[in-house]
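# Architecture at a glance
Below, each chain spelled out in residue letters.
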Amino acid sequence: MGQKKDLTGSEKSKIVRYLAEACSSLKIAKLLKRDHRTIKRFIQNSQQGRKKRVEKPRGKITAHELRKVKRAAAKMPLATSLAIFQSCNITGVPKSTRCAILRDMAKVRKAERRPPLNKTHKLKRQDWAKKYLKTDFSKVLWTDEMRVSLDGPDGWARGWIGKGQRAPVRLRRQQGGGGVLVWAGIIKGELVGPFRVEDGVKLNSQSYCKFLEDTFFKQWYRKKSASFKKNMIFMQDNAPSHASKYSTAWLARKGLKEEKLMTWPPCSPDLNPIENLWSIIKCEIYKEGKQYTSLNSVWEAVVAAARNVDGEQIKTLTESMDGRLLSVLAKKGGYIGR
């Protein structure tokens, strides 16, 4: 027996009209020549609706205290209700009441992941897009660093748990955590690296240049042909260790200067395709809420995940640059989706 069709919009309108005329569900079913159970189900579903929230009576709080709470909420974004009320020297107010009061003047939201762009940032992003609009991006080496921790980003380990099953225990470290700093580059369909920054080394101008010398230049760049080196454009962001006078002069001595060293607009991780590569790698190494017990084990996981990224995936990322530039111009310098 085939499945019966759902009620049409016209039939639903007629049911409502018949109900207003005090017709029974059985009579309506006969009038519409539909199964009585179908009519009853529609009537029950339409009458259930969503239950209205019952507001609990609030504790006593004066108008003056209410103004203090409002000012504190504006000055303390992402603070808890308890912290806001304590900053106003208001005590003895239950959590439910605090939240009810704050709901009238604020919303619970997550912190923004990206800093807001001011007018200068947007203009520089537009200028950058115009400058490189006719660039052959197959010759650009996109580089960046990524830090990976033993436990993954906060809130990463989420997923469905079957009914009757307990969620697995997630390790919480008091000490001995930390992470690994990884550098890599992508050009056309090729992955350069990843290379591991020595544990405990803080990247300043000198250590950054030494790191590039020992890894990128000695292990990859020097193997390339003279024609490749002549045409390659080196991209790095504006981290202090990258954009310092020391690093700029050192890269110039390596032949990466003027048009061979790409200028980079401020606050623009969304324009660097290697950020998407980091997302792919992190999704792989932290899948199913995986944690690691040592820095070497998480580094091995990064290397394995990087090997699984094929050339076509990388090529898709590097070939997305023309679209990113057009999006920046269309949004007048605003952030683009990644």
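Calculation rules
Residues numbered from 1 in each chain as written. Predicted model: local features only at pLDDT ≥ 70, side-chain atom pairs only at ≥ 80, totals over all residues. Heavy atoms only, no water. Core = buried A, V, L, I, M, F, W, Y, C linked by side-chain atoms within 4.5 Å. Buried < 20%, exposed > 50% of the residue type's maximum accessible area, 1.4 Å probe, protein only. Helix = DSSP H or I, 4+ residues; strand = E, 2+ residues; numbered from the N terminus. Contact = heavy atoms within 4.5 Å. Phe/Tyr/Trp six-rings, centres within 6.5 Å; stacked < 30°, edge-to-face > 60°. Lys NZ or Arg CZ within 6 Å of the ring centre and 35° of its normal. Patch = residues over 30% accessible without salt bridge, like charges linked within 9 Å, V, L, I, M, F, W, Y side chains within 5 Å. Areas by Shrake-Rupley, 256 points an atom, 1.4 Å probe, with all protein chains shown as cover. Salt bridge = Lys/Arg side-chain N within 4 Å of Asp/Glu carboxyl O. Lys, Arg positive; Asp, Glu negative; His and termini not counted. Charge placed at Lys NZ, Arg CZ, Asp CG, Glu CD. Axes fitted to C-alpha atoms, helices over the stretch in contact; angles between N-to-C directions. Parallel < 35°, antiparallel > 145°, perpendicular 65-115°, else oblique. Left-handed = near helix turned anticlockwise from the far one by under 90°. Nonpolar A, V, L, I, M, F, W, Y, C, P; charged D, E, K, R; others polar.

## A look at the nonpolar core
Ranked by internal contacts, the top residues of the largest apolar core, which has 40 residues, are Trp 128, Trp 142, Val 148, Met 262, Ile 281 and Ile 285. Secondary-structure elements contributing two or more residues to this core are α7 (119-131), β1 (140-149), β2 (179-187), β4 (233-235), α12 (274-285), α13 (295-307), α14 (311-318) and α15 (321-330). A per-element tally of this core places α13 first, with seven residues. When sequence neighbours within four positions are dropped, the list of residues in contact with Met 262 reads Trp 128, Tyr 132, Phe 137, Val 140, Trp 142, Ile 233, Phe 234 and Met 235.

## Observations regarding the packing of aromatic side chains
What describes a pair of aromatic rings is the distance from one ring centre to the other and the angle between the planes of the rings. One pass over the full model with this rule turns up 15 aromatic pairs. Where Trp 183 meets Phe 216, the ring centres are 5.7 Å apart and the plane angle is 55 degrees; that geometry is what we call tilted. Of the two residues, Trp 183 sits in strand β2 while Phe 216 sits in helix α8 (residues 205-219), which places them 33 residues apart along the sequence. Given a relative accessible area of 0%, Trp 183 falls into the buried group. Judged by its relative accessible area of 0%, Phe 216 falls in the buried class. Among the aromatic residues, those joined into a cluster by ring pairs are Trp 183, Phe 195, Phe 211, Phe 216, Phe 217, Trp 220, Tyr 221, Phe 228, Phe 234 and Trp 250. Across the ring face of Tyr 18, the terminal group of Arg 17 is positioned such that the distance to the ring centre comes to 5.4 Å. Lys 224 extends its terminal NZ or CZ atom over the ring of Phe 228, reaching a point 5.3 Å from the ring centre.

## What to know about a negative patch on the surface
A grouping of Asp 310, Glu 312, Glu 319 and Asp 322 is seen on the molecular surface, where their side chains present a negatively charged patch. By the element assignment, Glu 312 lies in helix α14. Overall, the relative accessible area of 56% leaves Glu 312 in the exposed class.

## Points about the pattern of salt bridges
Applying the stated criterion across every chain, the model contains ten salt bridges. For the salt bridge of Asp 270 with Arg 125, the shortest nitrogen-to-oxygen distance reads 2.9 Å. Pair noted here: Asp 270 is in the loop between α11 (245-253) and α12 and Arg 125 is in helix α7, with a separation of 145 residues, a long-range link. For Glu 213, the salt bridge is made with Lys 254, and the minimal N-O distance between the two is 2.4 Å. Here Glu 213, found in helix α8, pairs with Lys 254, found in the loop between α11 and α12; they are 41 residues apart in sequence, far enough to count as distant. Taking relative accessible area as the criterion, Glu 213 reaches 22% and is therefore assigned partly exposed. Lys 254 gets classed as partly exposed once you look at its relative accessible area, which sits at 31%.

## A look at unusual backbone geometry
For residues that are not glycine, phi is negative in most cases, and the peptide bond is trans in most cases. The omega angle of the peptide bond from Gly 193 to Pro 194 is 5 degrees, so this bond is cis rather than trans. Although it is not a glycine, Lys 188 adopts a positive phi angle of roughly 55 degrees. One can find Lys 188 in the loop between β2 and β3 (190-196). Relative accessible area serves as the criterion here: at 47%, Lys 188 is assigned to the partly exposed category. At Cys 267, a position not held by glycine, the phi torsion is positive, near 50 degrees. Looking at the element boundaries, Cys 267 is found in the loop between α11 and α12. Judged by relative accessible area, Cys 267 falls into the partly exposed class, the value being 28%.

## Focus on the packing of α7 against α15
Orientation of α7 relative to α15, taken along the N-to-C sense of each, is 140 degrees, at an axis distance of 9 Å. In terms of axis orientation, α7 runs oblique to α15. Judged by the twist between their axes, the crossing of α7 over α15 is left-handed. Between α7, through Arg 125, Gln 126, Trp 128, Ala 129 and Lys 130, and α15, the contact on the second element is made entirely by Met 321, Leu 325, Val 328 and Leu 329. The class makeup of the residues in the contact of α7 with α15 is six nonpolar, one polar and two charged.

Everything listed is a geometric property; what it means functionally is a separate question.
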